[in-house]
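# Examination of the molecular architecture
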Amino acid sequence: AAARITQFNIKGRPTTPVEALSGGNQQRTLLGLLPADLRLLLMEQPTRGLDMESIEMIWGLLQERTRAGLAIVFASADLDELLDRSDHLLVFFGGRVAGPLDSRQTSVEQLGELIGGKGFANTSSRPGTSLAEWSLRIGGMLAALALSALILLAIGASPLDAFGAQHDPRSTIS
């Protein structure tokens, strides 16, 4: 636990309840519990409410993982975060999906307009792919992940075992 506390720059001790940590330290604790061989990470508002130092630390850790092969899918209300931290964007509006958009070629203004529905049909070579089509694509991927989790549970494996966790991660930093 002490090595992970140092590695992830967590301000706490192994006996500190996770609930007693700041938001940034809670996020870093969760990142420390992710399996090393993780291939896909789904996140919602990954840095909401965090200070700038914690945001940079979190994204630095996540970028290290992407260089090792991790794919990240995330949703955020922060348009700058979406553009700065992603390669491709999907925008959902009125039951349709626009994209994928290249984040390097998309401005905050363009993204804001798409989110508001303006010019939605002119966003890609496959304008406004139906939500049902995307749901099938994403649903298949999520179903495979769920099946993997069930298999792990069925054979008694736990991601926490890979980190040598001795305690419930909700109660201490271990």
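Heads up: the structure comes first, above all this text.
Residues numbered from 1 in each chain as written. Predicted model: local features only at pLDDT ≥ 70, side-chain atom pairs only at ≥ 80, totals over all residues. Heavy atoms only, no water.

Within the largest apolar cluster, 24 residues are counted, with the highest numbers of intra-cluster contacts made by Leu 31 and Leu 62. Sorting the residues of this core by element identifies strand E1 (40-44), helix H3 (52-67), helix H4 (79-85), strand E3 (88-93), strand E4 (96-102) and helix H5 (108-115) as the ones contributing at least two each. With 5 residues, the top contributor of residues to this core is H3. Ignoring any residue separated from it by four or fewer positions in sequence, one finds Leu 62 in contact with Leu 31, Leu 41, Met 43 and Ile 72. (Core = buried A, V, L, I, M, F, W, Y, C linked by side-chain atoms within 4.5 Å. Buried < 20%, exposed > 50% of the residue type's maximum accessible area, 1.4 Å probe, protein only. Helix = DSSP H or I, 4+ residues; strand = E, 2+ residues; numbered from the N terminus. Contact = heavy atoms within 4.5 Å.)

Okay, H3 next. Every α-helix carries 3.6 residues per turn, so stepping three or four residues along brings you back to the same face. When the terminal C-alpha atoms of H3 are compared, their 22 Å separation across 16 residues agrees well with the 22 Å that a helix rising 1.5 Å per residue should span. If you check which residues of H3 are buried, you get Ser 54, Ile 55, Ile 58, Trp 59, Leu 61, Leu 62 and Arg 65. For H3, the angular spread of the buried residues around the axis is 155°, confining them to a single face. Residues of H3 that are exposed and point more than 90 degrees away from the buried face comprise Met 52, Glu 53 and Arg 67. Sitting at the head of H3, Asp 51 places a side-chain oxygen 3.1 Å from the backbone nitrogen of Glu 53. Within two residues after H3, Gly 69 carries a phi angle of roughly 110°, on the positive side. (Expected span 1.5 Å × (residues − 1). Arc of directions from axis to C-beta. Polar contact = N/O pair within 3.5 Å; in protein donor to acceptor, adjacent residues only side chain to side chain.)

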